[in-house]
Amino acid sequence: MTETETMTRTDGATSDGVLSTVIVTPRERFGVAIESLRSIVEHTEQPYRLIYVDAGAPKRVSDQIAEICAENGFTHLRYEHYLSPNQSRNAGYRAADTRYVAFIDNDVIVSKDWLNALIDCAEETSAEVVTPLTCQKLPLHTEIHQAGGRFTDDLQTFFTRPVSERRIDEEHVLQGKMVSEVSLERGETHCCEFHCALVRRDVLDAIGGLDEGLLATKEHIDFCMTVWKRGGRVMFEPSSVVTYLFPNRASPLAVEDWPFFALRWSPTWQKRSLDHFQRKWELFGDPYFEGRQGMLSWRHREGIGRPLVRKIPWLGQLKSVQRYGSALVARVLNLWSMSLVRNLERSLRTSAPGE
């Protein structure tokens, strides 16, 4: 649907009654993108719009995405180069005209009525942000990745403390617990990751979109802190359930995903993000950042390094070989990712976005 085919009412619903636009963006790979998109088609109740931000997906994947989008009347925004997560989300949000936007990563599998449950919560509570129960691993929707999150020990006093006394205390609530073992209720939560999150579009309008200075990490905490500081709320809605398929033995990275994964989790992008986040919120005395600086290579090590070393005949199953071998691979990947960052920045200086 083009911009001229619909009018937007003042209440944020379009003339055909659509309240929400689903915005799919790349997280760290493309290997499960088709499975993710098909789950959205299968399990999302009408009416809704969908904008697929396809930033640098391999041609065979991009062609399938384009085909599914065409079949379902979705918008396919193709970029030939990679984008950071917040750049992708902003591209989708700026093309949307509904009351809500539902950000979802391209490696998330949804369950039935996931979107309706989020919208119902937002409408009933007037929350600015609503997050589902986010699960991890297979079988789908069984093990908790995040039942909401925390970014401080006391939300009520965080913004009233002197800046020098503020501390980030990050937690994924109930991570690793089985869904069947816990009782969950709708309620406020400090923050949520962008695996899946419903956001009022007027909030994004008011703050000028998501902060693109956060290239690779902590963008979710920054956004939720901004919402709370402005007097808004983040709600957790457990009747909406999705599963994040992070790279592991059951769902490994494909070799064609290595360049994007290496860039996405490059120490360069992560360090710039952490430095920007620390400066923005004046968290200069917080030891949290020193700890995070020591973890800049772990994604490279665990996502590519360790699986690669495991393939070495005989020796690859030894824990010591995996530990030292993955660290060595990560060093090489760190150097490669620096080159990827430079090349992307050079290409963006010489071409317009989307070309």
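Anything mentioned here points back to the structure above.
About the thresholds
- Residues numbered from 1 in each chain as written.
- Predicted model: local features only at pLDDT ≥ 70, side-chain atom pairs only at ≥ 80, totals over all residues.
- Heavy atoms only, no water.
- Helix = DSSP H or I, 4+ residues; strand = E, 2+ residues; numbered from the N terminus.
- Rg over C-alpha atoms; globule rule 2.2 N^0.38 Å.
- Buried < 20%, exposed > 50% of the residue type's maximum accessible area, 1.4 Å probe, protein only.
- Contact = heavy atoms within 4.5 Å.
- Areas by Shrake-Rupley, 256 points an atom, 1.4 Å probe, with all protein chains shown as cover.
- Lys, Arg positive; Asp, Glu negative; His and termini not counted.
- Charge placed at Lys NZ, Arg CZ, Asp CG, Glu CD.
- Polar contact = N/O pair within 3.5 Å; in protein donor to acceptor, adjacent residues only side chain to side chain.
- Expected span 1.5 Å × (residues − 1).
- Arc of directions from axis to C-beta.
- Core = buried A, V, L, I, M, F, W, Y, C linked by side-chain atoms within 4.5 Å.
- Salt bridge = Lys/Arg side-chain N within 4 Å of Asp/Glu carboxyl O.
- Pairing = 2+ DSSP bridges.
- Phe/Tyr/Trp six-rings, centres within 6.5 Å; stacked < 30°, edge-to-face > 60°.
- Lys NZ or Arg CZ within 6 Å of the ring centre and 35° of its normal.

Here's the deal with the overall build of the protein
Okay, step 1: Helix and strand counts for the protein come out as 12 helices and 12 strands.
Okay, step 2: Taking 20 Å as the expected radius of gyration for a compact globule of 355 residues, we find that the protein reaches 20 Å, a close match to that expectation.
Okay, step 3: The dimensions of the protein, computed from C-alpha atoms along their principal axes, are 60 × 50 × 50 Å.
Okay, step 4: Per-residue burial over the protein gives 53% buried out of 355 residues.
Okay, step 5: Sequence separation of at least 24 residues holds for 80% of the intrachain contacts in the protein that already meet a minimum separation of 6.
Okay, step 6: Taken as a whole, the protein presents about 15800 Å² of accessible surface, with 53% of it coming from carbon and sulfur.
Okay, step 7: Side-chain charges of the protein comprise 43 positive and 48 negative groups, with the mean position of each set lying 8 Å from the other.

Regarding the side chain of Q136
Okay, step 1: Mapped onto the fold, Q136 is located in strand β6 (residues 129-136).
Okay, step 2: Given the relative accessible area of 7%, Q136 is considered buried.
Okay, step 3: Among the polar contacts made by the side chain of Q136, one reaches the side chain of E143 at a distance of 2.7 Å.
Okay, step 4: Contacts of Q136, omitting those with residues within four sequence positions, involve E143, I144, H145, Q175, G176, T243, Y244 and F246.

Section: helix α9 (residues 267-280)
Okay, step 1: Relative to the 20 Å expected for 14 residues at 1.5 Å per residue, α9 spans 19 Å between its end C-alpha atoms, a close match to the ideal helical length.
Okay, step 2: Where α9 is concerned, the buried positions are P267, W269, Q270, S273, L274, F277 and Q278. Projected down its long axis, α9 shows its buried positions confined to an angular sector of 165 degrees, all on one face.
Okay, step 3: In this structure, the buried residues of α9 make contact with α7 (219-229), α8 (258-264), α10 (288-293), α11 (298-310) and α12 (319-350).
Okay, step 4: Among the residues trailing α9, E282 stands out with phi positive, at a value near 55 degrees.

Some details on the nonpolar core
Okay, step 1: By size, the foremost hydrophobic cluster in this structure holds 45 residues, and its most contacted members are V22, L50, I104, W114 and L198.
Okay, step 2: When neighbours within four sequence positions are excluded, V22 is seen to be in contact with Y48, R49, L50, I51, A102, I104, W114 and L115.
Okay, step 3: One finds Y93, F223, C224 and V234 within the second-largest nonpolar core, a separate group that totals 39 residues.

Quick look at the pattern of salt bridges
Okay, step 1: Enumeration according to the criterion identifies 27 salt bridges in this entry.
Okay, step 2: The closest approach of N and O atoms between E80 and R78, which form a salt bridge, is 3.2 Å.
Okay, step 3: For R78, a relative accessible area of 23% corresponds to the partly exposed category.
Okay, step 4: Among the ionic pairs, K280 bridges to D211, the shortest N-O distance being 2.9 Å. Of this pair, K280 sits in helix α9 while D211 is found in the loop between α6 (201-207) and α7, placing the two residues 69 residues apart along the sequence.
Okay, step 5: With relative accessibility at 36%, the residue K280 sits in the partly exposed group.
Okay, step 6: Through salt bridges with shared partners, a single ionic network connects D54, R78 and E80.

A look at the pairing of β6
Okay, step 1: For β6, the buried fraction is high: 8 of the 8 residues fall into the buried class.
Okay, step 2: Note that β6 and strand β11 (residues 196-200) share 2 bridges and pair antiparallel. Following the sheet pairing, V129 is matched in β11 by V199.
Okay, step 3: Pairing of β6 with strand β12 (residues 234-244) involves 8 bridges; the strand directions are parallel. Looking at the pairing, T134 lines up with V242 of β12.
Okay, step 4: Hairpin connection of β6 to strand β7 (residues 143-146): 6 residues between the antiparallel strands, including K137 at a positive phi of 70 degrees.

Examining helix α2 (residues 59-72)
Okay, step 1: With 14 residues, α2 extends 20 Å between its outermost C-alpha atoms, agreeing within 8% with the 20 Å of an ideal straight helix rising 1.5 Å per residue.
Okay, step 2: Every buried residue belonging to α2 is among V61, S62, I65, I68 and C69, and all of these are buried. With its buried residues spanning 125 degrees around the axis, α2 presents them on a single face. Exposed side of α2, more than 90 degrees from the buried face: K59, A70 and E71 are the residues found there.
Okay, step 3: Summarising the contacts, the buried residues of α2 are in contact with α1 (33-43), β2 (49-55) and β3 (75-79).

Quick look at the packing of aromatic side chains
Okay, step 1: Summed over all chains, the structure comprises 12 aromatic pairs.
Okay, step 2: For the pair F151 and F158, a centre-to-centre distance of 5.4 Å together with 80 degrees between the ring planes defines the contact as edge-to-face. Accessibility classification places F151 together with F158 in one group, the buried group.
Okay, step 3: Put simply, the rings of F151, F158, F159 and W281 touch in pairs and so form one group of aromatic residues.
Okay, step 4: Sitting over the ring of F158, R166 keeps its end group 5.7 Å from the ring centre.
Okay, step 5: The positively charged end of R264 is found above the aromatic ring belonging to W265, 3.9 Å away from the centroid.

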